[in-house]
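Report on the structure
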Amino acid sequence: MKHISSFENHNESWRQAKAYLRIPNLIVDLALSKLLNYIPKLNFLYDSMAAKIDTGTSFNSGQGTEINCPIQEIKLEDIKDEKVRRSLKLSGLFKDWHIYKLDRVSHDGKTPIYISKDILKQGDKIHGERLPDNIDKNDPYVNGIIVPPEDYKKMTEFYVVAAKHSIEHDLMKDERNDRYETKKYKEYKEKVDKAIKSKYFMGRTSGGDFTPLFHNLIKNNYVDLVKQCLDAEIIPEKKRGMIVNKYDSDGNLDMGSYSNSKSSMDLVPSSIGEKPTYDVQQLLQKTLYELWLQKNNEK
Amino acid sequence: MALNKFNEKMSDDEFEELKQDIEDSLVELVDDGYKVVVKPSPYFTDKIPAMVTITIKDGMKNQDIKPIKEYLHQLYDLMEYHKYSLNKVDVSPTNYDTTRHVRLLDKKTGKVSLEDDIYKAEDFESVWDSIDFCIFSSRSEPDKFYRIELLFN
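A short tour of the structure in this document, coming up. (Residues numbered from 1 in each chain as written. Chains lettered and ligands numbered in written order. Predicted model: local features only at pLDDT ≥ 70, side-chain atom pairs only at ≥ 80, totals over all residues. Heavy atoms only, no water.)

The next point concerns the packing of helix α6 (residues 167–198) of chain A against helix α8 (residues 223–232) of chain A. Two quantities define a packed helix pair, namely the angle between the axes and the distance from one axis to the other. Residue and element names in this part refer to chain A. Interaxial distance between α6 and α8 falls to 10 Å at its minimum, and their mutual angle equals 0 degrees. Considering their axes alone, α6 and α8 lie roughly parallel with respect to each other. Note on element contacts: α8 touches α6 through D224, L225, Q228, C229 and A232, opposite Y185, Y188, K189, V192, D193 and I196. Counted by class, the contact of α6 with α8 contains seven nonpolar, one polar and three charged residues. (Axes fitted to C-alpha atoms, helices over the stretch in contact; angles between N-to-C directions. Helix = DSSP H or I, 4+ residues; strand = E, 2+ residues; numbered from the N terminus. Parallel < 35°, antiparallel > 145°, perpendicular 65-115°, else oblique. Contact = heavy atoms within 4.5 Å. Nonpolar A, V, L, I, M, F, W, Y, C, P; charged D, E, K, R; others polar.)

If you want it as structure tokens, here you go:
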């Protein structure tokens, strides 16, 4: 649990600062930004992105975008846009910010400037959010002076608030997934233990999950739990029913021709991540075949 | 137009003769109220000359398939005699359920093949086991069926 503890420390601090508690600060920030003409919410933007990375919340950019060109740390004074400079100063935590210039230009001929509280280098993966250009229809001013459209082109930089997606984040994600999987398995195990006592395996999994328990075990590839359920059902016809009967999305046994209803055999996924589902499929087929042999031998 | 066993176009007379033979072999089933339809294959390949469909009595849900086993065996032997082999079998366990392709059951492994290779069955017993297991694997009652369709080539 090497990485998860650091995640928890970071993450808990983020969670403790509940979003709604930040609202007053944000309102003040917004009001001041109008008065002092700076870009509001820079800290908030970085913090929320960092927290999303830490907590594994998905981004459109997936695992992050790799910095695939040389990158150079620059000083605040090197930033050409006065409003961005002012915003970084007034963000109050200027000492935390690192500013980087990338050795490339975008499709519109501008140089990306990354603003981050992380130390970045070439090859790092980042999630970023581009700051809006200072010139837009609603606010076509730079330093209080209206900028004519032809001067737009003179703006040679654009600014991205960037948060680093590190290898540790991936490890944290793996640990989090492991922890989640362990917890989920334990919950299912408890449900199976109860189901074995009641001999009812096709009941809804929970109040919020209408899928029959046995079907969820198959979907999750819990071959040992599937086997426990099958072994516990001693009435052959009921056991066969567990494998071949179809259930609709409300967890009701489908006696008709509702096309979306599924049987256990329909539900075996081809794989779950890298984990093959071969065993579950084999187990269901083998059980069905043994039941068939048993039926024919009894006659 | 279907092809005959010599891979030549089957004449209407040839087909009628084959149809008559098939119907004769299943006449007792018809007497028992089953509906037997023999027609040239409607499918993409005209190498399948005959499609035999046996449907249970009108108004009934499904019937025990065991009594028709011997008739299916007769049909299988008849077609073998005519040098045709079973190419495909479809079963509808009930009138409301999806038609299922019968796949060859390998009794050594207890698995059904993933392809439509019932034509590889070595004898009628293998075909019968495959049909029986196919019905058993459906959600309807074991041993019951509504319609069975056999294609020969």
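All names here are of chain A. Within the open sheet, the six strands sit side by side as β1-β5-β8-β4-β3-β2. Their pairing is mixed. Two strands in the sheet have a free side with no partner beyond their single neighbour: β1 (65–66) and β2 (71–74). The pairing of strand β4 (residues 111–116) with strand β8 (residues 157–165) spans five bridges and is classified as parallel. For T111, the partnering residue across the bridge sits in β8 and is E157. (Pairing = 2+ DSSP bridges.)

Let us look at a nonpolar patch on the surface. All names here are of chain A. The grouping of V28, L32, L35, L36 and L90 at the surface amounts to a nonpolar patch, some 460 Å² of accessible area in total. Ranked by residues supplied to the nonpolar patch, first place goes to helix α2 (residues 23–36) with four residues. Looking at the element boundaries, L90 is found in helix α4 (residues 82–90). (Patch = residues over 30% accessible without salt bridge, like charges linked within 9 Å, V, L, I, M, F, W, Y side chains within 5 Å. Areas by Shrake-Rupley, 256 points an atom, 1.4 Å probe, with all protein chains shown as cover. Salt bridge = Lys/Arg side-chain N within 4 Å of Asp/Glu carboxyl O.)

Each partner contributes to the interface: chain A provides 20 residues, whereas chain B provides 18 residues. Here chain A packs against chain B, burying approximately 1600 Å² in sum over the two surfaces, 51% of which is carbon and sulfur. Of all residues in chain A, R240, Y289 and W292 of chain A give up the largest surface area on contact with chain B, accounting jointly for 40% of the area buried on that side. Seen at the junction of chain A and chain B, the total is three salt bridges. When the shortest N-O distance is used, the salt bridge between K295 of chain A and D143 of chain B registers 2.6 Å. (Buried area = accessible area lost by both parts, 1.4 Å probe.)

A word on unusual backbone geometry. Residues and elements named next belong to chain B. The phi torsion at K83 lies on the positive side, around 70 degrees, for a residue other than glycine. Considering the arrangement of structural elements, one finds K83 in the loop between α3 (69–81) and β4 (86–92). One non-glycine residue, D143, lies in the positive phi region at around 70 degrees. Along the chain, D143 turns up in the loop between α4 (124–136) and β8 (144–145).

Our next topic: the sheet that holds β4 of chain B. Residues and elements named next belong to chain B. Taken together, the five strands give an open sheet; going across it, the order is β1-β2-β9-β4-β5, and neighbouring strands pair in antiparallel fashion. Looking at the sheet topology across the chains shown, the edges are occupied by β1 (35–39) and β5 (100–101). Bridge count between β4 and β5: two bridges; the pairing is antiparallel. Following the sheet pairing, V91 is matched in β5 by R100.

All names here are of chain A. One pass over the structure, following the stated rule, counts 17 salt bridges over all chains. Its salt-bridge partner being R85, residue E82 comes within 2.6 Å of it at the nearest N-O pair. Pair noted here: E82 and R85 are both in helix α4, with a separation of three residues, about one helical turn. With relative accessibility at 25%, the residue E82 sits in the partly exposed group. (Buried < 20%, exposed > 50% of the residue type's maximum accessible area, 1.4 Å probe, protein only.)

Residue and element names in this part refer to chain B. Look at helix α1 (residues 12–25) against α3: their axes get within 9 Å of each other, and the N-to-C directions meet at 150 degrees. Our classification of the angle between α1 and α3 gives roughly antiparallel. Handedness of the α1/α3 crossing: right-handed. When α1 is examined against α3, the residues L18, D21, I22 and S25 are found in contact with a partner set consisting of Y71, Q74, L75, L78 and M79. Classifying every residue of the contact of α1 with α3 gives six nonpolar, two polar and one charged. (Left-handed = near helix turned anticlockwise from the far one by under 90°.)

Turning our eyes to something else, we now look at the side chain of S87 of chain A. All names here are of chain A. Mapped onto the elements of the fold, S87 is located in helix α4. A residue is classified by how much of its surface remains accessible, and S87, at 1% relative accessible area, is buried. When near neighbours in sequence (up to four residues on either side) are disregarded, S87 contacts Y38, I39 and L42.

Owing to its 3.6 residues per turn, the α-helix aligns residues three or four sequence positions apart on the same side. Residues and elements named next belong to chain B. Taking 1.5 Å as the rise per residue, α3 with 13 residues should run 18 Å; its terminal C-alpha atoms sit 18 Å apart, in good agreement. Of the positions making up α3, those classed as buried are Y71, L72, L75, Y76, L78 and M79. The buried residues of α3 occupy an angular sector of 165 degrees when the element is viewed end-on, so they sit on one face. In α3, the exposed positions that point more than 90 degrees away from the buried face belong to E70 and Y81. Phi for K83, located one or two positions after α3, is positive at around 70 degrees. (Expected span 1.5 Å × (residues − 1). Arc of directions from axis to C-beta.)

Position of H82 of chain B among the secondary structure elements: in the loop between α3 and β4. Spatially, the C-alpha atom of H82 of chain B lies 16 Å from that of L26 of chain B, the residues being 56 residues apart in sequence.

Take the nonpolar core next. Grouped together as the largest cluster of nonpolar side chains are 39 residues, with contacts concentrated most on I22, I131 and I148 of chain B. Elements with a contribution of two residues or more to this core: α1, β1, β2 (50–55), α3, β4, α4 and β9 (147–152) of chain B. The residues touching I148 of chain B, leaving out its near neighbours within four places in the chain, are V52, T53, I54, I65, I68, L72, V89, D90, V91 and I131 of chain B. Y188, L217, C229 and L288 of chain A belong to the second largest nonpolar core, which has 31 residues in total. (Core = buried A, V, L, I, M, F, W, Y, C linked by side-chain atoms within 4.5 Å.)

Right, let's talk about the environment of K89 of chain A for a bit. Residues and elements named next belong to chain A. Along the polypeptide, K89 turns up in helix α4. With a relative accessible area of 54%, K89 lands in the exposed category. As a C-alpha pair, K89 and L76 span 13 residues in sequence and 8.6 Å in three-dimensional space.

Any functional reading would require information that these geometric values do not contain.
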